[in-house]
Amino acid sequence: PLLFPWNTGLQLILVDIKQDNVFINWQDRNGKIIVDKVQLGNLEDAAHIPPGCDMVGKQAGNWMWRSPEAHARGPVNKPSDVFSFALVVSPTFGIS
């Protein structure tokens with residue numbers, strides 16, 4: 001299962017999604033990698049954002065994985081975290 005604030009009902013944005021903050025439990029079964037659990041960590045920069053609200057005016061998170069709206073100090077919210085997560089994991093799937 002994927003354990004992220006976006007699918008747990010928590011009203012959080014992490015703002016610091018980067019490779020070091022993605023934790024993966026996996027096993028090697030007959031030469032195949034089986035992923036059991038993926039979780040985001042390092043919540044010290046997380047922010048509670050009520051529904052319908054955004055964080056505005058801050059370049060939040062690691063510049064390398066930051067969403068376009070965060071670079072522009074625009075409204076940052078859950079879709080911004082999803083964008084950052086996609087940037088982090090895309091090389092895993094051969095997308096560059």
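If you're wondering where the values come from, they're calculated on a predicted model, not measured in any experiment.

Caption draft 1: Representation of the overall build of the chain in the model. Across its full length, the chain holds two helices and five strands. Starting at the N terminus, the α and β elements of the chain follow one another as β-β-β-β-β-α-α. Buried positions account for 31% of the 96 residues belonging to the chain. For the chain, the proportion of contacts with a sequence separation of at least 24, taken over those separated by at least 6, is 50%. When the accessible surface of the chain is split by element, carbon and sulfur atoms take 58% of a total near 6,200 Å².

Caption draft 2: Representation of the confidence of the model for the chain in the model. Confidence along the chain averages 80 in pLDDT terms, with 84% of residues attaining 70 or more. Looking at the elements of the chain, mean pLDDT is at its lowest for strand β1 (residues 2-3), recorded as 48, and at its highest for strand β3 (residues 22-29), recorded as 89.

Caption draft 3: Region of interest: the pairing of β3. Strand direction decides the pairing type here: β3 and strand β4 (residues 32-40), joined by eight bridges, are antiparallel. Each residue of the ladder has a partner; that of Val22, found in β4, is Leu40. Count of turn residues in the β3/β4 antiparallel hairpin: two residues, of which Asn30 carries a positive phi of about 55°.

Caption draft 4: Quick look at the environment of Pro75. The topology assignment puts Pro75 in the loop between α1 (68-71) and α2 (78-89). Assessed through its relative accessible area of 43%, Pro75 is described here as partly exposed. Placed 19 residues apart in sequence, Pro75 and Val56 show a C-alpha to C-alpha distance of 4.7 Å. Setting aside its immediate chain neighbours within four residues, Pro75 contacts Asp54, Met55, Val56, Glu69 and Ser80.

Caption draft 5: Broad picture of the environment of Ile13. Along the polypeptide, Ile13 turns up in strand β2 (residues 12-13). For the pair Ile13 and Met55, spaced 42 residues apart in sequence, the C-alpha separation works out to 9.2 Å. Dropping the residues within four chain positions of it, Ile13 is found in contact with Ala46, Ala47, Ile49, Met55, Val76, Asn77, Lys78 and Asp81.

Caption draft 6: Region of interest: the pattern of salt bridges. Enumeration over the complete set of coordinates arrives at one salt bridge. Arg29 is paired through a salt bridge with Asp36; the nearest N and O atoms lie 3.9 Å apart. With a relative accessible area of 42%, Arg29 lands in the partly exposed category. Residue Asp36 is classed as partly exposed on the basis of its relative accessible area, which comes to 29%.

How each quantity is defined
- Each chain has its residues counted from 1, following the order in which its sequence is written.
- Reporting of local features is limited, given that this is a predicted model, to residues whose pLDDT is at least 70; pairs of side-chain atoms are given and counted only at 80 or more, and all residues count toward the totals for whole chains, interfaces and linings.
- To get the side-chain values, take all heavy atoms of the structure and skip hydrogens and water.
- The helix count covers DSSP runs of H or I at least four residues long, the strand count covers runs of E at least two residues long, and both are numbered beginning at the N terminus.
- Only protein chains enter the accessibility calculation, which uses a 1.4 Å probe; a residue whose area is less than 20% of its type maximum is buried, one above 50% is exposed, and one in between is partly exposed.
- In this analysis, two residues are considered to be in contact whenever any of their non-hydrogen atoms come within 4.5 Å of each other.
- Reported accessibility uses the Shrake-Rupley method at a 1.4 Å probe radius. Residues are deemed covered only where the shown protein chains occlude them.
- Note: pLDDT gives the predictor's confidence per residue, expressed from 0 to 100.
- Note: two strands are recorded as paired if DSSP finds a minimum of 2 bridges between them.
- Just to be clear on terms, a salt bridge is a Lys or Arg side-chain nitrogen sitting within 4 Å of an Asp or Glu carboxyl oxygen.

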